[in-house]
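Working through the structure, step by step
Each chain, written out:
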Amino acid sequence: MTDFLAPVEETIAEAPPPQRGGGAVRYLLTKVGGAIMSVLMVVVLGFFLFRVMPGDPVTIMTRGRPVSGAQLDQLRAEHGFDQPILVQFWNYLVGLLHGDFGNSYAFNAPAGAIIGERLGPTLLLSGTAAVLAAALGLWLGAKTAWYRNGPLDRASTGVALVFWSIPPWWLGVVLLMIAGGVFPTGGMQSPDSPTALVPHALDVAHHMVLPVFTLVLAIYGQYQLVMRASLLEEMNSDYLTTARAKGLRDDMVRRRHALPNALLPTTTLVFLHLGMVVSGAITVEAVYSWPGLGQLTAEALEAKDLPLLQGIFIVLVIAVVIMNLVADVLLRVLDPRVRAS
Amino acid sequence: MLVRRRLAGAVSVIALVAVTVPWVAGAAQAQGEKVLRAGITQDLDSLNPFITITRVGTDLTRLTYEYLTTYDPKDYRPVPGLAEKWETSPDKLTWTFTIRSGAKWSDGQPITAADPAFTLNKMMTDKAAATANGNFVQGWESVTAPDDRTLVIRTKQPRSTMLALDIPIVPKHVWEKVTDFKAEPPLPLVGSGPFIVQDYKASQFIKLKANKDYWRGAPKIDALDFVYYKNVDAEVQALQKGDIDLMSRLVPAQYDALKNDPNIKLNTGAGRRLNEILINPGAASADGNPIGNGNPALKDVQLRKAIALAIDSRTLVDKVWGGYAVEAAGYIPPGFAEFHWPEKRKFDPAEANKMLDEAGYVRGADGVRADKTGKPLRLRLLGHAGTNLDEQGSKYITSWLKDIGIAVEPQMVADQKVNDATTAGNFDLAFSGWSANPDPDYVLSLQTCASRPNADGKGATPDSFLCDPEYDALYAQQLAETDRAKRIEIVKKMQQVLADRASLVILGYDNPLEAYRADRWAPFTTQPSSGGVIMNQQGYWGYYSATPGRTTDADAPAEAQGGGGNTGLVIGLVGGGVVVVLAGVLAFARLRRRGTADERE
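All of these numbers come straight from a predicted model, not from anything done at the bench.

Let us look at the overall build of chain A. Across its full length, chain A carries 15 helices and two strands. Taking all 341 residues of chain A together, 35% fall into the buried category. Residue pairs in contact within chain A that sit at least 24 positions apart in sequence constitute 75% of those at least 6 positions apart.

Printed below as a string of structure tokens:
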């Protein structure tokens, strides 16, 4: 034996057989790598993008106020706007690495803390709406495809298309006019909201009804239409005939055989939209004065609050990137064909 | 698994029922307290009185901290606040304020002259503390408090603005422990005004509690809430439903629509805002070098005056503001009647045409006049996209100026772009406007040579880029004139000079439109007392005067007590409940059917 050269046969024998697990890890790593790259590019883009926007932040800050030139210069120096843009970029990167988004001047507080405060309401509103809309859309989509050209199909597909085409803010205003007498006209809680957990939760839930309803109406249509289309594609497949031949009830054929296959494209869609949940509801938040991230984006833009804008931008993008990643991975788990390729 | 899913559905239905029902109990619990709720939109930048610069922030400081002097609700004259009286030395450089005795901070500590002395000295020495109001203490020599009731301020030059110091006076015993004057103060604040800020949730609400020890007497209500509405239509609905009691910023269409609501009392009054068109007279930086790309023809004052003559304020008031505005006259808005120069601006296109003919601007074949170098007179008109006045007004102005042979190209762009362009002198004509204060010094200063920016278009807040020796001399005079009557004369003269130089054309002054619940509140104190406003004041009078009761007059006839809102609510609740119960029954029936179907398989 020599440690210099191993026999050829031995090498081949010792070579590991192609493993599915290794493929999965490589797949995951590629996807995660891609996601990290996207986020990094966004960090750079976000910084320069918002600086191209017109408007001098200090002038906007002091609009309509008696301020002297010296005060303006002082403010400019304080926020670092007097430094060269590359120095500002470097400070921003260093801050970001320490988890510091900078200080928001529109709210006189760390941008990270403000975003955190608004993230909860947005997740609550858009998340609830997304889950409800997905459930409703998928259920209706499956029903209408199965009984295509039936009365339910004709009616509900039309309705879904109508709601999908209506601008959500307009729908919001109309709903507010119809139901604003019963439900709160805005906000997430009453100023005198009870402090005990359960009554407080009920108060918030009561404020949620209209905005959630608006959002659900605005987004369920696309789930329904995609679900309907993908189920229709499966409808004439041979395996369904086989299932029926086994003597399965029509309901079971649909649920156990047709739906799992039809769900694949819809799953991707759902997760892509979950990524948008964080940013998704700017107009609806504006109509219902909902104190969420969408609202905050509008406020930050108005004040040209650069640290806040950059922070929001990064948070929104990270949400989309993560959900894309989840969709990719989930698709691989759900669909053996993706694994094989 | 299927059953579990169904179960989840049933649970959510139950939750929905739970949501709708107990809420009635929640609304009932707050009824013991007398609370005034007002709707607001603008975000609050800070509760720190040394750095807040937003309108809502300064309003809150006025409510929480009594200033040395405040403005009379009748006519905006300076009246005693923390200082009960004052006198000036013969050389007009020393101001001695006598601080009110017996007044207390909201934590029970007495208010002494040491408090204003601390506040003002801090602003003179700490840059952070000078952020918001540092301009008031510029040019001061010293501030001292020889005893508990005497505050002495020495200035380097005579100042006419010493009774208009919009500076919140903070308690020394609280703020002397503060090291960072940029930081947010802990809540509740410690103040001396009629209402004290207790709680704040960004974009949700600001809550203030009545100060029972307030030196003018405790307010007649227990609390004042500001509730955020980002959507004015929703805010109007909240008012009609009773979620809020008071709101401003209505647009004419909403205001007119509310006229038929018997529970709502409308209020409109003389505004603080002047709206203008800037005419670039040849912009230059502070050191006198030309900047920007304004049309050089506009350096001719005759041309500018002709443009001013061709713009009809009456039409703008009627068509653009729906009648809720005042026709153009002097630069200081008519709400500040003492300083306002009341002579109406003339509209005379025939005269304008004659002036231009005489000045040698010859009309070409297309009806457009040529400037002195032979180029056709084409002017850009810069406006704020989405602003009603700019969008609609620009169409009128374009056609009016066409009548006198000037081609106008309106450009509606984002607010910030307008700001950038006008600050750098990159405009021919531009929409602009300012909210004036009871003391006119600031808006007057905008038209001085000193307000022009430095070479890169920064470091100052220019308006029309006028730089006129006569105007600047008058500005210096009014700043030094401590006799109010004499000062008013100078300010009126300055407005005449402005009209004569025609570097800006006043378009009109829009009236704030407000509304409140007449079935719950007695009339509020307005400022000024006749034809004044409630929310948009320079003082706390509107909120301080809040009295539970009713407002009755010809516009708001007495109606049955406000049961209407509750009836609607009950109907809605019952209706909603029926739907929910039906849905529950259906779901349950399906669940049962499915259950047996599953078993059968």
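Helix and strand counts for chain B stand at 17 helices and 19 strands. For chain B, the residues scored as buried account for 46% of the 601 residues in total. In chain B, once contacts between residues fewer than 6 apart in sequence are set aside, the share between residues at least 24 apart is 67%.

What follows deals with the interface of chain B and chain A. On the chain A side, the residues contacting the 53 residues of chain B number 51 residues. If you list the elements that add at least two residues to the side of chain B that touches chain A, you get α1 (2-20), α2 (23-28), β9 (205-210), β10 (223-228), α6 (232-241), α12 (415-423), β17 (429-435) and α17 (564-600) of chain B. Grouping the constituent residues of the side of chain B that touches chain A by class yields 20 nonpolar, 20 polar and 13 charged.

Let's shift gears to the UniProt feature "transmembrane region" (unreviewed entry) in chain A. The UniProt record annotates "transmembrane region" (unreviewed entry) at residues 28-50, 123-140, 161-184, 204-223, 262-288 and 308-331 of chain A. Taken end to end, residues 28-50 of chain A is 100% helix and 0% strand, and its first and last C-alpha atoms sit 33 Å apart.

Moving on, we come to the pairing of β9 of chain B. Residues and elements named next belong to chain B. The buried fraction of β9 amounts to five of the six residues, a majority that puts the element mostly inside the structure. In terms of strand pairing, strand β8 (residues 195-201) meets β9 through six bridges, oriented antiparallel. If you follow lysine 201 over to β9, its bridge partner there is phenylalanine 205. Between the antiparallel neighbours β8 and β9 lie three residues, among them serine 203 with a positive phi of about 60°. Relative to β10, β9 runs antiparallel, the two sharing five bridges. Bridging from a neighbouring strand, leucine 208 pairs with leucine 224 of β10.

What follows covers the sheet that holds strand β6 (residues 140-147) of chain B. Residue and element names in this part refer to chain B. An order of β4-β5-β7-β6 is seen for the four strands of this open sheet, with the pairing classed as antiparallel. Only two strands of the sheet have a single partner each, and these edge strands are β4 (83-88) and β6. Adjacent strand axes in the sheet meet at a mean angle of 20°, parallel and antiparallel pairs treated alike. One ladder, built from five bridges, connects β4 with strand β5 (residues 94-99); its direction is antiparallel. Bridging across to β5, alanine 83 finds its partner in isoleucine 99. Sitting on the sheet, helix α4 (residues 114-125) touches β5, β6 and β7 (150-155), and the angle it makes with β6 is about 155°.

All names here are of chain B. What the six strands build is an open sheet, ordered β14-β18-β13-β17-β15-β16; its pairing is mixed. Each end of this open sheet is capped by a strand with a single partner; those strands are β14 (325-326) and β16 (407-413). Here strand β15 (residues 378-384) runs beside β17; their pairing, made up of two bridges, is parallel. Bridge pairing in β17 places leucine 382 opposite alanine 430.

Position of glutamine 237 of chain B relative to the elements: it lies in helix α6. In the structure, glutamine 237 of chain B is positioned 170 residues away from alanine 407 of chain B in sequence and 44 Å away in space, judged by C-alpha atoms. Once residues within four sequence positions are removed from consideration, glutamine 237 of chain B is found in contact with Leu176, Gly180 and Thr185 of chain A.

Our next topic: the confidence of the model for chain B. All names here are of chain B. Confidence in the prediction for chain B averages 85 pLDDT; 86% of positions are at 70 or higher. Of all secondary-structure elements in chain B, the lowest mean pLDDT belongs to α2, at 42, while helix α8 (residues 301-309) reaches the highest, 95. Within the model, pLDDT remains below 50 along residues 21-30, and this stretch shows eleven contacts once partners closer than five positions in the same chain are excluded. Reported for the predicted complex are a pTM of 0.80 and an ipTM of 0.79.

The next point concerns the confidence of the model for chain A. Per-residue confidence for chain A averages 82 on the pLDDT scale, and 91% of its residues sit at or above 70. A low-confidence stretch, residues 1-16 of chain A stays under pLDDT 50, and its non-local contacts, those more than four residues away or across chains, total one contact.

To characterise two packed helices, one gives the angle between the axes of the helices and the distance between these axes. Residues and elements named next belong to chain A. Put simply, helix α10 (residues 238-245) and helix α11 (residues 250-277) touch, their axes get as near as 10 Å, and they point 145° apart. For the pair α10 and α11, the sense of crossing is right-handed. Contact residues: Tyr239, Leu240, Ala243 and Arg244 in α10; Val253, His257 and Ala258 in α11. For the contact of α10 with α11, the residue count by class is five nonpolar, one polar and one charged.

Moving on, we come to unusual backbone geometry. Note that the residue after leucine 187 of chain B, namely proline 188 of chain B, is joined by a cis bond; omega there is -5°. Positive phi, normally seen in glycine, also occurs at serine 289 of chain A, with a value near 50°. Tracing the backbone through its elements, the reader meets serine 289 of chain A in the loop between α12 (282-287) and α13 (293-303). Looking at serine 289 of chain A, the number of C-beta atoms within 10 Å reads 26, which means it is buried. A positive phi angle, close to 65°, is found at phenylalanine 465 of chain B, a residue other than glycine. A tally of 27 C-beta atoms within 10 Å means that phenylalanine 465 of chain B is categorised as buried.

Parameters and conventions
- Sequence positions are assigned chain by chain, starting from 1 and proceeding in written order.
- Working convention: letters from A go to chains and numbers from 1 go to ligands, in the order in which they are written.
- Under the rules for a predicted model, residues below a pLDDT of 70 receive no local features and side-chain atom pairs below 80 are neither given nor counted, while totals for whole chains, interfaces and linings still include all residues.
- Here a helix means four or more residues in a row that DSSP labels H or I, a strand means two or more in a row labelled E, and each is numbered from the N terminus.
- Field definition: a residue is buried when 20 or more other C-beta atoms are found within 10 Å of its C-beta, exposed when 12 or fewer are, and partly exposed for counts in between, with C-beta atoms placed from the backbone.
- Contact between two residues is assigned whenever their backbone-derived C-beta positions fall within 7 Å.
- When residues are grouped by polarity, Ala, Val, Leu, Ile, Met, Phe, Trp, Tyr, Cys and Pro land in nonpolar, Asp, Glu, Lys and Arg in charged, and all others, Gly among them, in polar.
- UniProt positions are given in the numbering used here, feature names are shortened, and annotations may be inferred rather than shown by experiment.
- Two strands pair if DSSP finds at least two bridges between them.
- Note on definitions: angles span 0 to 180 degrees between N-to-C directions of axes, and those axes are lines fitted to C-alpha atoms, for helices only across the stretch in contact.
- The quantity called pLDDT is the predictor's confidence in a given residue, expressed from 0 to 100.
- Left-handed is the label given to a crossing in which the near helix is rotated counterclockwise from the far helix by less than a right angle, and right-handed is the label when the rotation is clockwise.

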